[in-house]
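Letter by letter, the chains look like this.
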Amino acid sequence: MATKKKQAKDDPRNKVVATNRKARHDYIIEDTYEAGLALTGTEVKSLRMGRASLVDGYATDRNGELFLENVHIPEYLNGSWTNHSARRKRKMLLHRHELDKLIGKSNEAGHTIVPLRLYFKDGRVKVEIALAKGKKQYDKRHALREKQDEREKQAQMSLRYQMQQGR
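Residues numbered from 1 in each chain as written. Predicted model: local features only at pLDDT ≥ 70, side-chain atom pairs only at ≥ 80, totals over all residues. Heavy atoms only, no water.

**Some remarks on the overall build of the chain**
- The helix and strand tally for the chain stands at four helices and seven strands.
- Reading the chain from its N terminus to its C terminus gives the helix and strand order β-α-β-α-β-β-β-α-β-β-α.
- Looking at the chain as a whole, 31% of its 167 residues are labelled buried.
- The contacts in the chain between residues at least 6 apart in sequence include a share of 68% that link residues at least 24 apart. (Helix = DSSP H or I, 4+ residues; strand = E, 2+ residues; numbered from the N terminus. Buried < 20%, exposed > 50% of the residue type's maximum accessible area, 1.4 Å probe, protein only. Contact = heavy atoms within 4.5 Å.)

If you want it as structure tokens, here you go:
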């Protein structure tokens with residue numbers, strides 16, 4: 001009988017390399033997709049070392065294909081003349097119906113495609129991308145105020161609970 005593989009959280013084949021926390025602050029996330037990336041060998045080795053930055057990344061459409069731009073994957077330290085450029089354009093691998101949907105929505109005013117996470121899934125590099133709409137400055141302030149109010153409310157509840165336990 002075949003046995004199921006155990007998916008351990010600390011499995012090196014399934015680890016998050018980089019996240020883009022700034023994107024959730026700057027954009028309203030409407031829809032997310034998982035895409036593969038066409039990478040060179042030295043890029044994968046650099047990612048296995050856990051080195052990447054998605055902060056300024058975005059996706060563009062060129063001839064019906066999506067390319068991830070401005071994502072920083074540093075050069076592999078032990079690489080030679082085969083090393084890659086740190087901020088080169090990388091082709092994203094998606095199904096045609098997903099590509100058509102994303103390209104159509106991103107051409108609407110105010111929409112863009114941003115990377116949220118870069119991770120390994122079963123040994124392959126994946127990127128979680130989002131169709132997003134930019135937030136206005138007052139929306140960002142409102143979201144920060146809500147977070148702060150929620151933290152204060154939790155602190156008050158914790159304090160009340162501790163006082164009740166102390167009786």
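**Structural notes on the pairing of strand 2 (residues 27-37)**
- Sheet topology places strand 2 next to strand 7 (residues 124-134); nine bridges connect them, and they run antiparallel. Bridge pairing in strand 7 places alanine 35 opposite valine 127.
- Pairing between strand 2 and strand 5 (residues 90-93): two bridges, direction antiparallel. Following the sheet pairing, leucine 37 is matched in strand 5 by methionine 92. (Pairing = 2+ DSSP bridges.)

**Considerations on the environment of valine 17**
- As for its placement among the helices and strands, valine 17 is situated in strand 1 (residues 16-19).
- By relative accessible area, which is 14% here, valine 17 ends up buried.
- A sequence separation of 102 residues divides valine 17 from tyrosine 119, and the C-alpha atoms of the two residues are 5.1 Å apart.
- The residues contacting valine 17, other than those within four sequence positions of it, are Leu47, Gly50, Arg51, Ala52, Leu118, Tyr119 and Phe120.

**Quick notes on the pattern of salt bridges**
- Enumeration over the complete set of coordinates arrives at seven salt bridges.
- Note that glutamate 34 and lysine 121 form a salt bridge whose closest N and O atoms lie 3.3 Å from each other. One end of the pair, glutamate 34, is in strand 2; the other, lysine 121, is in strand 6 (residues 111-121), with 87 residues separating them in the sequence.
- Given a relative accessible area of 35%, glutamate 34 falls into the partly exposed group.
- Classification of lysine 121 as partly exposed rests on a relative accessible area of 37%.
- The closest approach of N and O atoms between arginine 90 and glutamate 43, which form a salt bridge, is 2.8 Å. With arginine 90 in strand 5 and glutamate 43 in helix 2 (residues 41-48), this pair connects stretches of sequence that are 47 residues apart. Across the pair, glutamate 43 and arginine 90 agree in class, each one buried. (Salt bridge = Lys/Arg side-chain N within 4 Å of Asp/Glu carboxyl O.)

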